[in-house]
Amino acid sequence: MGLRETKKQQTRQALADAALPLFLEHGFDQVTVADVARHVGVSGQTVFNYFPAKEDLFFDRQAEVEDELARLVREREPGTCPVEAVRDYLLEALKHHLPPFPTVAEGLRFHQVIADSPALLAREREIRERAEAALAAELEAEGDFPAPVLLAGAIAGLHRAVLRQARQRLIAGEPGKAEDIAGLEESGEAEPPRNIAEDTRTAFDALCHGFHGR
């Protein structure tokens, strides 16, 4: 990678890193692109050069998230069905509650900001739809699975339902309040919300054994 490209990536990351804390503290609709620009010491136009819309600043990992399910299937171990690949990823993720955030409290705040903003909710739906479409394309390219579009919808739907249920239980205080869980994480004692891991394994295993693939 050349120096110019490296500097562009560094600037883009600096903008995203500055924007997220502002959004988490004040809410998406209360923070302007100009606020982010002032925080970094650049012009508003510079921000738009890297992020065409304010939603792009919030979802700066959008391309990565849209490819996540397809990547899990693409990079799975030989002989593993795609359902198992996504299942195992989720089971590992549940051990850390709501990755990739440093604490549960920050992760919950991130999702609360989304819930409070119609613009972010709309963008989140677009991301999910693109992730499902990318997964369908991956399954279809492999050519080993019947009805790849429907299978992708089933996998993506389960993936979405697991994450939603985990968030809801954490928000409700299971196994404790977000602040308590965050404290436990620091001591290495945090556990996934009860029954989520078991339910995840049961649901994904039922889907995996219901079709013939690799």
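Residues numbered from 1 in each chain as written. Predicted model: local features only at pLDDT ≥ 70, side-chain atom pairs only at ≥ 80, totals over all residues. Heavy atoms only, no water.

A.B. asks: Tell me about the overall build of the protein, and please be specific about residues and values.
C.D. replies: Of the regular secondary structure elements, the protein holds 11 helices and 0 strands. What you see in the protein, going N to C, is helices and strands ordered as α-α-α-α-α-α-α-α-α-α-α. Every one of the 214 residues in the protein was classed for burial, and the buried ones make up 40%. As displayed, the protein offers around 11700 Å² of accessible surface, 51% of which is attributable to carbon and sulfur atoms. (Helix = DSSP H or I, 4+ residues; strand = E, 2+ residues; numbered from the N terminus. Buried < 20%, exposed > 50% of the residue type's maximum accessible area, 1.4 Å probe, protein only. Areas by Shrake-Rupley, 256 points an atom, 1.4 Å probe, with all protein chains shown as cover.)

A.B. asks: Outline the pattern of salt bridges, supporting the account with residue identities and numerical values.
C.D. replies: Under the defined criterion, the tally for this structure stands at 13 salt bridges. When the shortest N-O distance is used, the salt bridge between E66 and R130 registers 3.3 Å. You can see E66 sitting in helix 5 (residues 62–74) and its partner R130 sitting in helix 8 (residues 118–142), a full 64 residues away along the chain. With a relative accessible area of 15%, E66 lands in the buried category. (Salt bridge = Lys/Arg side-chain N within 4 Å of Asp/Glu carboxyl O.)

A.B. asks: For the packing of aromatic side chains, give the residues involved together with the corresponding values.
C.D. replies: A ring pair, where both rings are aromatic, is described by two values, the distance of the centres and the angle of the planes. As enumerated under the stated definition, the model contains 6 aromatic pairs in all. Summarising the aromatic geometry, the rings of F23 and F28 are spaced 5.1 Å apart at their centres and angled 45° between planes, so their arrangement reads as tilted. Judged by relative accessible area, F23 falls into the buried class, the value being 0%. With relative accessibility at 3%, the residue F28 sits in the buried group. The structure contains a cluster of three or more aromatic residues connected by ring pairs, namely F23, F28, F58, F59 and F110. (Phe/Tyr/Trp six-rings, centres within 6.5 Å; stacked < 30°, edge-to-face > 60°.)

A.B. asks: Go over unusual backbone geometry, please, and point to the residues and values.
C.D. replies: Here A147, not a glycine, exhibits a phi torsion of approximately 45°, which is positive. For A147, a relative accessible area of 43% gives the class partly exposed.

A.B. asks: An account of helix 7 (residues 104–115) is requested, with residue identities and associated values reported.
C.D. replies: For helix 7, which comprises 12 residues, the first-to-last C-alpha distance of 17 Å matches the rise-based estimate of 16 Å (1.5 Å per residue) to within 8%. Within the sequence span of helix 7, burial applies to V104, G107, L108, F110, H111, V113 and I114. (Expected span 1.5 Å × (residues − 1).)

A.B. asks: Talk me through the packing of helix 1 (residues 3–26) against helix 2 (residues 33–40); I want residue IDs and the actual numbers.
C.D. replies: The relative placement of two packed helices comes down to the angle between their axes together with the axis-to-axis distance. As a packed pair, helix 1 and helix 2 sit with axes 9 Å apart at the nearest point and diverge in direction by 120°. In terms of axis orientation, helix 1 runs oblique to helix 2. Helix 1 and helix 2 meet at a crossing whose hand is right-handed. Side by side, helix 1 and helix 2 meet where A14, L15, A18, A19 and L22 of the first sit next to D35, V36, H39 and V40 of the second. A breakdown of the residues in the contact of helix 1 with helix 2 according to their chemical character gives 7 nonpolar, 1 polar and 1 charged. (Axes fitted to C-alpha atoms, helices over the stretch in contact; angles between N-to-C directions. Parallel < 35°, antiparallel > 145°, perpendicular 65-115°, else oblique. Left-handed = near helix turned anticlockwise from the far one by under 90°. Contact = heavy atoms within 4.5 Å. Nonpolar A, V, L, I, M, F, W, Y, C, P; charged D, E, K, R; others polar.)

A.B. asks: Summarise the environment of A85; cite the residues concerned and give the values.
C.D. replies: For A85, the position within the fold is in helix 6 (residues 82–94). A relative accessible area of 13% places A85 in the buried class. Separated by 16 residues in the primary sequence, A85 and L69 have C-alpha atoms spaced 9.0 Å apart.

A.B. asks: Any details on the confidence of the model for the protein? Residues and values, ideally.
C.D. replies: Summing up the model confidence of the protein, the mean pLDDT is 84 and the portion of residues at 70 or higher is 82%. For residues 175–190, every residue scores under 50 in pLDDT, and the model assigns this stretch 24 contacts once sequence neighbours within four places are set aside. (pLDDT = per-residue confidence, 0-100.)

A.B. asks: Could you give me a rundown of the state of the cysteines, with the residues and numbers involved?
C.D. replies: The tally for this structure, following the rule as stated, stands at 1 disulfide. Two residues, C81 and C208, share a disulfide whose sulfurs are 2.4 Å apart. One end of the pair, C81, is in the loop between helix 5 and helix 6; the other, C208, is in helix 11 (residues 196–208), and 127 residues separate them in sequence. (Disulfide = S-S within 2.5 Å.)

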